[in-house]
Amino acid sequence: MSDIDKLWLHQHLPGIQASQQADDLASYGSDWSRLREPAPAAVLFPQHQEQVAQIIDCANREGLALVPSGGRTGLSGGAIAADGELVLSLERMRQLDPVNHADASVRVEAGVVTASIQQQAERAGLFYGVDFAAAGSSQIGGNIATNAGGIRVLRYGLTRDQVLGLEAVSGKGELLQLNHGLIKNATGYDLRHLLIGSEGTLAVITAATLKLWPDPGERQVLLLAVDGHQALLPLFMAARQALRLSAFEFFTHDCVRHVCAHAGLPPPLEQAAGMYVLLECDAVSDEQVAALFEQLVEQQLVSDGVISQSRQHAQQLWQYRERISESIAAQRPYKNDIAVRIAAVPELLQQLDELIQRHYPAFEVLWYGHIGDGNIHMNVLKPDDLSPAAFKQQCELVNEQVFDCIQRLAGSISAEHGVGLLKQPWLQYSRTPVEIDIMRRIKSVLDPGGILNPGKLL
Ligand code: MLT
Ligand code: ZN
């Protein structure tokens, strides 16, 4: 692959924009996980689906590896190109069609940034259901390839649930137009869902038709102080009963400390609590909120709280949750993104707590996540005196125990960040040997040359 130079690109991929500049290779060969040093041979920028097919045909002919690439905000190394691969960036395919009002949908090319879709929907008086902290730079192709989740899954579902139609090129070079924006289509295997979450290992997603929702209107945010994790499930059940929830998040006081230091924010409540719950719901009257709050205090589930008084205030409260990830990024945390059924959350938290006390006594461990979906982010911060390699090794040893516990509870080792390179060695804790074998066989049908994102996921 070292033979790939300007002349090679010109001869083998005529008409395709490409870069081999050092800064482009470094930035397009990496993602937010920074798991490995980027070292791609070149970055390619196709402008339409036929050019994607042209690149795939060339890669099959020449036996080259391709790494499909979006906004590179992934946290599991799914977009890393560290072995002389060609990066196939979709960022110049960013056509955003007008909203289709009759279908309540919008067709977007893979390189469109998630926040642009949210804004396009809003301008049309509608709503795009997926949101997360990286919405300002992540691209929809990557969201679909990893089946991104985020903060409103409990009301609107995952990215999977928004995709009404999908356009892609398989690893064999076949152009695919899947489901055509239909709501109902009972005509056999839904190949669309095979590609969603396949992390660029089966096909390159080039465009999608996305479902839009009615404008939710005004919403309220409650930030509640909670003593310990035992209160989380009963609190969630009480809130779900009383309110129409769109988010139910939790985080510990250590997370708040990091956010306040990083973002220069005041503490959210006068008195620090062990844990906080941030919930978002459709607007309700002050009386209804007061009644619920009283009930939660009486049941000793909540000790204090604040309710948003305006849209701006709600956004301020969200910052305590949304900015956790960026506030610890410089410390290169070891990330776990795990999930169990809601009913198993208390048992998971109990078992993880014990594991952490036993194995991580000297490490700072931060807990936060989308607890209303059963999804917990457990971030371990590297102590200053430990080398990155020794730190990673220690964390991976503990992984075995964490994932044993996940397996016993029939949970997932990656709820929403994907498998990529980071979780690939542990896939068998969430998927059986039979499932993994079927996944490999599916890969050999759609990508027989094994050119798409080799080494990731499987
Ligand atoms: C979040 O929920 O904040 C994101 O998944 C990012 C992260 O886990 O760091
Ligand atoms: Zn998350």
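Residues numbered from 1 in each chain as written. Chains lettered and ligands numbered in written order. Predicted model: local features only at pLDDT ≥ 70, side-chain atom pairs only at ≥ 80, totals over all residues. Heavy atoms only, no water.

Caption draft 1: A look at the overall build of the chain. When helices and strands are counted, the chain shows 15 helices and 17 strands. Radius of gyration (C-alpha) of the chain: 23 Å, near the 23 Å computed for a compact globule of 458 residues. The C-alpha extent of the chain, read off along each of the three principal axes, is 75 × 55 × 45 Å. Out of the 458 residues in the chain, the part that is buried amounts to 56%. In the chain, 73% of the contacts between residues at least 6 apart in sequence involve partners at least 24 apart. Entry remark: accessible area of the chain is about 20,100 Å², with carbon and sulfur atoms responsible for 50%. (Helix = DSSP H or I, 4+ residues; strand = E, 2+ residues; numbered from the N terminus. Rg over C-alpha atoms; globule rule 2.2 N^0.38 Å. Buried < 20%, exposed > 50% of the residue type's maximum accessible area, 1.4 Å probe, protein only. Contact = heavy atoms within 4.5 Å. Areas by Shrake-Rupley, 256 points an atom, 1.4 Å probe, with all protein chains shown as cover.)

Caption draft 2: Structural view of a nonpolar patch on the surface. On the surface, Y189, L191 and L194 cluster together to form a nonpolar patch covering roughly 360 Å² of accessible area. Overall, Y189 belongs to the exposed group, its relative accessible area being 81%. (Patch = residues over 30% accessible without salt bridge, like charges linked within 9 Å, V, L, I, M, F, W, Y side chains within 5 Å. Salt bridge = Lys/Arg side-chain N within 4 Å of Asp/Glu carboxyl O.)

Caption draft 3: Summary view of the pattern of salt bridges. Within this structure, the stated rule accounts for 18 salt bridges. With a closest N to O distance of 2.9 Å, R107 and E167 form a salt bridge. Of this pair, R107 sits in strand β5 (residues 105-109) while E167 sits in strand β7 (residues 163-170), and the two are 60 residues apart along the sequence. The class for R107 is partly exposed, based on a relative accessible area of 27%.

Caption draft 4: Structural detail: the environment of E396. Assignment of secondary structure puts E396 in helix α14 (residues 388-408). Note on E396: relative accessible area 23%, which makes it partly exposed. Along the chain, E396 and G63 lie 333 residues apart, while their C-alpha atoms are 33 Å from each other. E396 has contacts with Y334 and W426, leaving out every residue within four places of it along the chain.

Caption draft 5: Local environment of the nonpolar core. If you look at the biggest cluster of nonpolar residues, it comprises 56 residues, and the most contacted ones within it are F248, L279, L348, Y360, W367 and V402. Top element by residues in this core is α14. It accounts for 7 residues. Residues contacting Y360, with those up to four places away along its chain left out, are L355, V365, M378, V380, C395 and V398. By size, the runner-up hydrophobic cluster in this structure holds 29 residues, among which are A121, A145, A203 and I205. (Core = buried A, V, L, I, M, F, W, Y, C linked by side-chain atoms within 4.5 Å.)

Caption draft 6: How the structure looks around the packing of aromatic side chains. For the coordinates displayed, the defined rule picks out 8 aromatic pairs. Between F251 and Y276, the aromatic rings sit 5.7 Å apart at their centres with planes inclined by 20 degrees, giving stacked as the arrangement. Of this pair, F251 sits in strand β12 (residues 245-252) while Y276 is found in strand β13 (residues 275-282), placing the two residues 25 residues apart along the sequence. Relative accessible area serves as the criterion here: at 0%, Y276 is assigned to the buried category. Lying across the ring of W213, K211 places its NZ or CZ 4.4 Å from the centre. (Phe/Tyr/Trp six-rings, centres within 6.5 Å; stacked < 30°, edge-to-face > 60°. Lys NZ or Arg CZ within 6 Å of the ring centre and 35° of its normal.)

Caption draft 7: Looking closely at the sheet that holds β13. With antiparallel pairing, 7 strands are arranged side by side in an open sheet as β14-β11-β13-β12-β16-β17-β15. With partners counted over all chains shown, the strands left at the sheet margins are β14 (304-307) and β15 (334-339), one partner each. Looking at each pair of strands side by side, their axes are set apart by 15 degrees on average, direction ignored. Both β12 and strand β16 (residues 364-370) contribute to a ladder of 2 bridges, which runs antiparallel. (Pairing = 2+ DSSP bridges. Axes fitted to C-alpha atoms, helices over the stretch in contact; angles between N-to-C directions.)

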